[in-house]
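# Coordinate analysis (summary)
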Amino acid sequence: MTTHTGPLPATRPDGTPFVTARSDEEWRATLSPSEYHVLREAGTERAFTGEYTDTKTRGTYSCRACGAHLFTSDTKFDSHCGWPSFYSALAGDAVIELEDVSMGMRRVEVRCASCGSHLGHVFEGEGYGTPTDLRYCINSVSLRLEPGE
Ligand SMILES: [Zn+2]
C-alpha cells in the first residue's frame, strides 16, 4: 500500500509536456523503491544518510530519474543541514520551482524540469554567505554525480 502525497503535475507550469514522460508503471520498473519514493512521491531521505551529503568530488549532478543535468559541484556548499546543498541550479530552466504548502509550511519545492520528478526544496535568506543566499536542499537519492570538470 502506497501513500501518495499528491499527484505529480502532468505538465510543466507553463503547460508544455515534460521531455521525459513515463507512466507510473515505467517509473516503478526503472527506479529503486527509495528512489521512487523520493522522486515520484515527493518523499524525503533521512538527514545525514544520503550518499552525496558531504561529497566534494568535482562533477555534474544529474537527475537520477531522467539523466538531465541539474547542478554542478561548483555551487555545492557545506550547509551542515544533512542534505546536499547548492546555491544555484544550472543556468536556464534545469529545474522548476513550485509552491508547496504541505506539512503546515509554505515552502518552495524543486522539481526536475525535464521529467517533473521531485528533487527537494529551495530556501532563501538563511545567511549562508553564498553568492545567491539560496539553499537548494536536494535529496541525494534524486541525484547522480558524474565526476569530471
Ligand atoms: Zn528528471
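These numbers were taken from a predicted model, which means no experiment stands behind them.

### Some words on the nonpolar core
Ranked by internal contacts, the top residues of the largest apolar core, which has 29 residues, are Leu70, Val95, Cys112, Tyr136 and Ile138. Only α2 (33–41), β1 (59–63), β2 (69–72), β6 (107–112), β7 (118–124), β8 (134–138) and β9 (143–147) provide two or more residues apiece to this core.

### A few points about the sheet that holds β2
Here three strands make up an open sheet; going across it, the order is β2-β1-β9 and the pairing antiparallel. Edge positions in the open sheet fall to β2 and β9, since each of these has one partner strand only. The average angle at which neighbouring strand axes cross in this sheet is 30°, direction not considered. Strand direction decides the pairing type here: β1 and β9, joined by five bridges, are antiparallel. Within β9, the residue paired with Gly59 across the bridge is Pro147.

### Points about the pairing of β8
Counting buried positions along β8 yields five of five residues, so the element is predominantly enclosed. Of the two faces of β8, the one holding Leu134, Tyr136 and Ile138 and the one holding Arg135 and Cys137 are both buried throughout. Bridge count between strand β4 (residues 85–86) and β8: two bridges; the pairing is antiparallel. In the sheet register, Ser85 faces β8, and the bridge partner there is Cys137. Pairing between β7 and β8: five bridges, direction antiparallel. In the strand pairing of β8, Val122 is matched with Tyr136.

The rules behind each value
Residues numbered from 1 in each chain as written. Predicted model: local features only at pLDDT ≥ 70, side-chain atom pairs only at ≥ 80, totals over all residues. Core = buried A, V, L, I, M, F, W, Y, C linked by C-beta atoms within 7 Å. Buried ≥ 20, exposed ≤ 12 C-beta atoms within 10 Å, placed from the backbone. Helix = DSSP H or I, 4+ residues; strand = E, 2+ residues; numbered from the N terminus. Pairing = 2+ DSSP bridges. Axes fitted to C-alpha atoms, helices over the stretch in contact; angles between N-to-C directions.

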